[in-house]
Amino acid sequence: MKSNEDYIVIDGYKHKLYKSDKFGEEVMLKRSGEFYKWLDKRRTVREYSSKRVPREIIENILMSASTAPSGANHQPWTFCAISNPDLKSKIRQAAEMEEKKSYEQRMGAEWKKDLEHLATNTQKPFLEKAPWLVAVFKKPYDIDENGNRINNYYVNESVGLACGMLIAAIHNAGLSTLTYTPSPMGFLTKILDRPVNEKPFLLLPVGYPKEPLYVPDINRKSLNDISVFYE
Ligand code: IYR
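Now for a quick tour of the structure. (Residues numbered from 1 in each chain as written. Predicted model: local features only at pLDDT ≥ 70, side-chain atom pairs only at ≥ 80, totals over all residues. Heavy atoms only, no water.)

1. Side note on the overall build of the protein
Condition: Put simply, DSSP marks the helices as runs of H or I at least four residues long and the strands as runs of E at least two long, and each gets a number from the N terminus on. When a residue's accessible area, from a 1.4 Å probe over protein chains only, is under 20% of the maximum for its type it is buried; when over 50% it is exposed; and in between it is partly exposed. Neither His nor the chain termini are counted; the positive set is Lys and Arg, and the negative set is Asp and Glu. The atom standing in for a charge is NZ when the residue is Lys, CZ when it is Arg, CG when it is Asp and CD when it is Glu.
Per the secondary structure count, the protein includes 8 helices and 8 strands. In terms of overall dimensions, the protein has a C-alpha envelope of 65 × 55 × 40 Å along the principal axes. The proportion of buried residues among the 231 residues of the protein is 32%. Measuring between centres, the 34 positive side-chain charges of the protein sit 4 Å from its 30 negative side-chain charges.

2. What about the nonpolar core?
Let me state the cut-off plainly: Here, nonpolar core refers to any group of buried Ala, Val, Leu, Ile, Met, Phe, Trp, Tyr and Cys residues whose side-chain atoms link them within 4.5 Å. Should any heavy atoms of two residues lie within 4.5 Å, those residues are counted as being in contact.
Of all hydrophobic cores here, the largest spans 24 residues; its most connected members are F79, V134, V136, V159, L166 and V206. Contributing elements (two or more residues each) for this core: α2 (55-65), β3 (77-82), β4 (132-138), α6 (155-172) and β8 (199-207). Looking at this core, the element that brings in the most residues is α6, giving 8 residues. In this structure, V136 is in contact with T78, F79, V159, C163, L166, K199, P200, F201, L202 and L204, ignoring residues within four places of it in sequence. Membership of the second largest hydrophobic core comes to 20 residues, among which are I82, Y180, L188 and L192.

3. Looking at the site of the ligand
Threshold: Throughout, near means a residue has at least one heavy atom within 4 Å of the molecule or strand. Pairs of N or O atoms are called polar contacts if they sit within 3.5 Å, as long as, within protein, a hydrogen donor faces a hydrogen acceptor (for residues adjacent in sequence, only side-chain-to-side-chain pairs). For the area figures, the Shrake-Rupley method with a 1.4 Å probe applies, and any residue is considered shielded solely by the protein chains shown. Points on a 1 Å grid over protein atoms alone make up a cavity when a 1.4 Å probe fits among them but cannot get out, and a pocket when they form an open set with protein on both sides within 12 Å along at least five of seven lines; lining residues each have an atom within 4 Å of a point. More than half of a molecule's atoms lying within 2 Å of a cavity's or pocket's grid points is what places that molecule inside it.
The full set of residues close to the ligand is R46, E99, Y103, W111, L115, L118, T120, N121, K124 and Y180. Y103 is positioned such that a nitrogen or oxygen atom in its side chain is 2.4 Å from an oxygen atom of the ligand. Note that an oxygen atom of the ligand is positioned 2.6 Å from one of the side-chain N or O atoms of K124. Computed on the free molecule, the ligand has an accessible area of 380 Å², of which 70% lies beneath the protein chains in the complex. Under a 2 Å grid-point criterion requiring more than half of the atoms, the pocket assigned to the ligand is the largest pocket.

4. Examining the sheet that holds β8
Heads up, the rule is: The pairing criterion for strands is at least two bridges between them, as found by DSSP. Angles run from 0 to 180 degrees between N-to-C directions of axes, and those axes are lines fitted to C-alpha atoms, restricted for helices to the stretch in contact.
On the basis of which strands lie adjacent, the open sheet formed by 4 strands has the order β3-β4-β8-β7 and antiparallel pairing. The open sheet terminates on both sides in strands that have one partner only, identified here as β3 and β7 (176-177). Sheet analysis places β4 next to β8, joined by 7 bridges and oriented antiparallel. Its bridge partner lying in β8, W132 is registered against V206. In the packing of α2 onto the sheet, contacts are made with β3, β4 and β8, and the angle to β3 comes to roughly 165°. On the sheet, helix α3 (residues 85-106) packs against β3, β4 and β8 and is oriented at approximately 110° with respect to β3.

5. Things to note about the pairing of β8
Of all 9 residues in β8, 8 are buried; the element is thus mostly enclosed. Bridge count between β7 and β8: 2 bridges; the pairing is antiparallel. Bridging from a neighbouring strand, S176 pairs with G207 of β8.

6. Digging into α6
In an α-helix there are 3.6 residues to a turn, and that puts residues three or four apart on one side. In plain terms, the rule: Here, expected helix span is obtained from the residue count minus one, scaled by 1.5 Å.
Helix length check: α6, at 18 residues, gives a terminal C-alpha distance of 25 Å against a target of 26 Å (1.5 Å per residue), a fit within 8%. Tucked into the core, α6 has its buried residues touching α1 (25-40), α2, β3, β4, β7 and β8.

7. Digging into the pattern of salt bridges
We apply this condition: Salt bridges are defined by distance alone: a side-chain nitrogen of Lys or Arg within 4 Å of a carboxyl oxygen of Asp or Glu.
Taken as a whole and assessed by the stated rule, the structure comprises 12 salt bridges. Between K19 and D6 there is a salt bridge whose closest N-O contact spans 3.5 Å. Highlighted residues: K19 in the loop between β2 (13-16) and α1 and D6 in the segment before β1 (7-10), separated in sequence by 13 residues. Between E104 and K100 there is a salt bridge, with its nearest N and O atoms 3.3 Å apart. One end of the pair, E104, and the other, K100, are both in helix α3, 4 residues apart, so they sit about a helical turn from each other.

In structure tokens form, the structure reads like this:
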């Protein structure tokens, strides 16, 4: 049973009492440290096992991503979860065509040098091998039942935040991903038949890593390199 104090009206809008977690400082220190250590274990995975991942796990992951904050709470995103082999194959073919143009014509020498340690190339077998692809679309505007345009706000920031939470949720489930951004990504609109108000934002394979898997031996920047404290 909810008590009356659980809800109040502010400026005509219903508000509900926010019951946040409360920990002592010792517990906070332990939890924040453990969370960092656990997040730091995440690595980008470019080679996958084809082992099946149940749809319900993907559904939970997408709902986790969709808890992200967004401009005016408009939640300006659509997540397309693809396990259909024909669609995955079409996406791979189109992506590899764009990559070929990028590597041959669009990327400069400095960019290619910066990628050398990641051993990437125009071939993207993960787009077929991983059991799921999640194509994230941003919605610069929505269209209501009457065909009217509804503005969205801070769309890139909002969808970027949702993608961060998506990646954390994938890691939490014991799965791996890769933030893949073929450029341009217009082929996703066509292949997935998305409406005009959705623009491709990010493409993520989701699955188990191939076993055994070796990832580049690279480091994350230190606290000193990434932060400045003003106390
Ligand atoms: N999209 C290309 C190139 C590429 C670009 C960046 I920045 C990376 O961090 C990795 C790859 C590809 O996927 O090969």
